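Observations on chain architecture
These are the residues of each chain, in order.
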Amino acid sequence: MSLLYLTGSRLIKTNSEYSDYDFYAFITPSKVDYVLRNNDKGKVYKGFGFEVKCFNISHLFNLLLKTNPNVIEMFFAKPVYNKPIYYPLVNYLYANRELLPYINRKHFVASSAGMIKSDINRLKPDKTFNGSGSFGKNIFNLIKAYNYGHAVATHHNLEELVFSNNVYLDIKNLNKYSQKVIDDVNPVAKYNTLSQYANKIEKATNMNI
């Protein structure tokens, strides 16, 4: 293993004492694996209380280029383990963590909107929410996606949002459908706002080409 990043609720401090530890692991491939591009899609290893998604180190750059909000947030903390050979890379990513969403700003904002849309589709009154906090987790995820996307769309600081997600713990822990919570959060308005921002960024980008 070359790099090991903590991700998920343990990273952003929204975990309970029973929450799993989630990690992204990156390994230096062997020469054969590198030539044959084996394991580029990664493997998942699960154990009691943890889950590790393992990829070749080359996939790290693919993840950065995709600017997925849930992936980008893990770079706002230093890895829990890294080999000395990767110190320069790790230090560079951490020093420039606020710039990472701007590798593809439009995609980051659009991805945030897409995450909201996915969560909206899950918020149905007749749906059975299994497990503690399932309804609340959907609401929490769309709030987080909106906050991240809005911050990048309006050029605001992202780090303080990543590590202040615990202010929504009461919402995240809800396990029953609540129309009042949905009305207060107004997911559709949040989705429309980010979609409009993404379209504006795309138009501005096309005008500058």
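Residues numbered from 1 in each chain as written. Predicted model: local features only at pLDDT ≥ 70, side-chain atom pairs only at ≥ 80, totals over all residues. Heavy atoms only, no water.

Notes on the overall build of the protein
Applied cut-off: Segments assigned H or I by DSSP are reported as helices when at least four residues long, segments assigned E as strands when at least two residues long, and all are numbered from the N terminus. Burial classes follow relative accessibility: with a 1.4 Å probe on protein chains only, a residue under 20% of its type's maximum area counts as buried, one over 50% as exposed, and anything between as partly exposed. Working rule for contacts: check all heavy atoms of both residues, and any pair within 4.5 Å makes them a contact. Using the Shrake-Rupley algorithm and a 1.4 Å probe, accessible areas are obtained, with residue cover drawn only from the displayed protein chains.
Across its full length, the protein holds eleven helices and five strands. Residue burial in the protein is summarised as follows: out of 209 residues, 42% are buried. Long-range contacts, defined as pairs at least 24 residues apart, comprise 72% of the intrachain contacts of the protein with a sequence gap of at least 6. Accessible surface, the protein: about 11900 Å² in total, of which carbon and sulfur atoms supply 54%.

A word on the pattern of salt bridges
What counts here: Every case where a carboxyl oxygen of Asp or Glu lies within 4 Å of a side-chain nitrogen of Lys or Arg is listed as a salt bridge.
Counted according to the given criterion, the structure contains five salt bridges. When the shortest N-O distance is used, the salt bridge between Glu73 and Lys144 registers 3.4 Å. Taken together, the residues Glu73 in the loop between α4 (69-72) and β5 (81-82) and Lys144 in helix α7 (residues 134-153) connect sequence positions 71 residues apart. Both residues of the pair, Glu73 and Lys144, count as buried. We note a salt bridge from Lys180 to Asp184, for which the minimum N-O separation is 2.9 Å. Of this pair, Lys180 and Asp184 both sit in helix α10 (residues 179-185), four residues apart, roughly one helical turn. Of the residues examined, Asp184 reaches a relative accessible area of 55% and is grouped as exposed.

Quick look at the sheet that holds strand β1 (residues 3-7)
The following threshold applies: A pair of strands is considered paired only if DSSP assigns at least 2 bridges between the two.
Within the open sheet, the five strands sit side by side as β3-β4-β2-β1-β5. Their pairing is mixed. Pairing within the sheet leaves two strands with one partner each, and these edge strands are β3 (43-47) and β5. For β3 and strand β4 (residues 50-56), the ladder comprises five bridges, and the chain directions are antiparallel. Bridging from a neighbouring strand, Lys46 pairs with Glu51 of β4.

Here's the deal with helix α5 (residues 87-95)
Condition: It is the directions from the helix axis to the C-beta atoms whose arc is reported.
Considered for burial, the residues of α5 that qualify are Leu89, Val90 and Leu93. The buried side chains of α5 occupy one side of the element, clustering within an arc of 95 degrees when seen end-on. Opposite the packed face of α5, turned more than 90 degrees from it, sit the exposed residues Pro88, Tyr92 and Ala95.

A short note on helix α3 (residues 58-66)
Within α3, the full set of buried residues consists of His59, Leu60, Leu63 and Leu64. All buried residues of α3 fall inside an arc of 150 degrees around its axis, so they share one side. Residues of α3 that are buried in the fold lie against β1, β2 (21-27), β4, α4 and α5. With its phi angle positive at about 45 degrees, Thr67 sits one or two positions after the end of α3.

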